[in-house]
Amino acid sequence: MALDQCADQYVLALAPDAQLLLSHRADDADSFLRNAAKGHRMVRPSLETAVAERPDVVVRYWGGDARLLRRLERDGVTVVTIEDSRDFNGIRENIRQVSQALKAEGRGAEMIRTMDAKLSSSAGSGQGRKAAYLTASGFSAGPDTLIDSILRAAGFRNAMSQPGYQPFGLERALLQPPFAIVRGFFEQVFADWRGTGRHPALNRLHKEDVVADLPASTLTCPAWFAADAVVTLAEGSQ
């Protein structure tokens, strides 16, 4: 049983032949394995559902309230939590932990090898250029974030120096010299359609500086497909 969309990705990839109970967001547009979710049951994860279905293993990232988690622990259900990793070492550990709980260590090891191959093929593509991440809502990411690790894995330097996630700052962007822009979540045309990231002045200023549009499906979860975002970024920098 997966308690949220991130958990859906892990169980679909690591245990595709198991009897899966997925979250109601498993086939959303920003779900990386949305096509693989077809044919599986999708429900809103709740205490009532867990009691009725009696899962052997529960995988979660942020999903599940305290009452549900207490009941699962009391019933002796194996619960594995995907950590909020900020780098690819953390993602490797997530894969190992979940694959072990699902008795799919072989699939997990192959997943790590594939991810590492993508990272290796993309290394250095940015040639040390300075780049800033920008979402449609107008946020960016500095050091100590998975986005920063994605930028660095593709050979870019992060233009944002403040750690963590933060407003991009329209005024700052307009006053500073142009630098490379890496956009995220812009393909969701009905989301944040009035966000700072879509401001006409910002679009005009950085029209020639967008090196890549990273699909939302590669950014919503600390998982192996963050390497696909690195590949997209590397290809855009060529």
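Residues numbered from 1 in each chain as written. Predicted model: local features only at pLDDT ≥ 70, side-chain atom pairs only at ≥ 80, totals over all residues. Heavy atoms only, no water.

**Quick word on the pattern of salt bridges**
Part 1: What the rule picks out here adds up to 14 salt bridges.
Part 2: A salt bridge links Arg86 to Asp144; the nearest nitrogen and oxygen atoms lie 2.8 Å apart. Note that Arg86 is positioned in the loop between strand S4 (78-81) and helix H4 (88-101) and Asp144 in the loop between strand S6 (139-141) and helix H6 (146-153), a separation of 58 residues in sequence.
Part 3: Assessed through its relative accessible area of 44%, Arg86 is described here as partly exposed.
Part 4: Across the pair Arg183 and Asp213 runs a salt bridge whose closest N-O atoms are separated by 2.8 Å. One end of the pair, Arg183, is in strand S9 (residues 180-184); the other, Asp213, is in strand S10 (residues 210-214), and 30 residues separate them in sequence.
Part 5: Residue class for Asp213 comes out partly exposed when judged on its relative accessible area of 39%.
Part 6: Three or more residues joined by partner-sharing salt bridges are found here, namely Arg25, Asp28 and Asp30. (Salt bridge = Lys/Arg side-chain N within 4 Å of Asp/Glu carboxyl O. Helix = DSSP H or I, 4+ residues; strand = E, 2+ residues; numbered from the N terminus. Buried < 20%, exposed > 50% of the residue type's maximum accessible area, 1.4 Å probe, protein only.)

**Describing the packing of aromatic side chains**
Part 1: Taken as a whole, this structure holds three aromatic pairs when the rule is applied.
Part 2: Ring geometry for Phe32 versus Phe225: centroids 4.4 Å apart, planes at 20°, classification stacked. One end of the pair, Phe32, is in the loop between strand S1 (21-23) and strand S2 (41-43); the other, Phe225, is in the loop between S10 and helix H9 (226-236), with 193 residues separating them in the sequence.
Part 3: With centroids separated by 4.9 Å and ring planes inclined at 70°, the aromatic side chains of Trp224 and Phe225 adopt a geometry described as edge-to-face. As far as the burial class goes, Trp224 and Phe225 line up, both buried.
Part 4: Counting every residue linked through ring pairs, the aromatic cluster contains Tyr10, Phe32, Trp224 and Phe225. (Phe/Tyr/Trp six-rings, centres within 6.5 Å; stacked < 30°, edge-to-face > 60°.)

**A few points about the layout of surface pockets**
Part 1: Of the volumes computed, that of the largest pocket is approximately 390 Å³.
Part 2: Along the wall of the largest pocket there are 16 residues; nearest its centre are Met1, Gln19, Leu20, Leu21 and Asp56.
Part 3: Tallied by class, the residues present in the lining of the largest pocket amount to 11 nonpolar, one polar and four charged.
Part 4: Within this model, the second largest pocket holds a volume of roughly 310 Å³.
Part 5: The wall of the second largest pocket is formed by 20 residues, among which Tyr61, Asp84, Leu146, Tyr165 and Leu219 lie closest to the centre.
Part 6: Among the elements that line the lining of the second largest pocket, the one with the most residues is H6, at three residues.
Part 7: Classifying every residue of the lining of the second largest pocket by side-chain character gives 10 nonpolar, five polar and five charged. (1 Å grid on protein atoms, 1.4 Å probe; cavity = no way out; pocket = protein on both sides within 12 Å on 5 of 7 lines; lining within 4 Å. Points joined across faces, edges and corners; volume = space filled by probe spheres on them. Nonpolar A, V, L, I, M, F, W, Y, C, P; charged D, E, K, R; others polar.)

**Section: the pairing of strand S3 (residues 57-60)**
Consecutive residues of a regular strand have side chains that alternate between opposite faces of the sheet.
Part 1: Side-chain alternation along S3 places Val57 and Val59 on one buried face and Val58 and Arg60 on a second face that is also buried.
Part 2: Assessed by its sense of winding, the connection that carries the chain from S3 through helix H3 (residues 66-74) to S4 is right-handed. (Right-handed = clockwise from strand over helix to strand, strands pointing away.)

**Examining the nonpolar core**
In a soluble, globular protein the nonpolar side chains are often hidden away together inside.
Part 1: Membership of the largest hydrophobic core comes to 53 residues, with the highest contact counts inside it found for Tyr10, Val59, Ile82, Phe88, Ile150, Trp224 and Leu233.
Part 2: Per element, the largest residue contribution to this core is six residues, and it comes from helix H1 (residues 5-14).
Part 3: Those residues within four positions of Val59 in sequence are excluded, and the remaining contacts are Met1, Ala2, Leu3, Ala7, Val11, Val80, Ile82 and Val98.
Part 4: Of all hydrophobic cores here, the second largest spans 10 residues; its members include Leu3, Leu21, Val43 and Val77. (Core = buried A, V, L, I, M, F, W, Y, C linked by side-chain atoms within 4.5 Å. Contact = heavy atoms within 4.5 Å.)

**A look at the packing of H4 against helix H5 (residues 105-122)**
Part 1: Two elements in contact, H4 and H5, have axes whose closest approach is 8 Å; the angle formed by their N-to-C orientations is 160°. Considered as vectors, H4 and H5 are oriented roughly antiparallel to each other. When the axes of H4 and H5 are compared, the crossing they make is right-handed. Contacts from Phe88, Ile91, Arg92, Ile95, Arg96, Ser99 and Gln100 of H4 reach H5 at Glu105, Gly108, Met111, Ile112, Met115, Asp116 and Leu119.
Part 2: Here the contact of H4 with H5 is composed, by residue class, of seven nonpolar, three polar and four charged. (Axes fitted to C-alpha atoms, helices over the stretch in contact; angles between N-to-C directions. Parallel < 35°, antiparallel > 145°, perpendicular 65-115°, else oblique. Left-handed = near helix turned anticlockwise from the far one by under 90°.)

**As for the pairing of S4**
Part 1: One ladder, built from four bridges, connects S3 with S4; its direction is parallel. Paired with Arg60 across the two strands is Thr81, which belongs to S4. (Pairing = 2+ DSSP bridges.)

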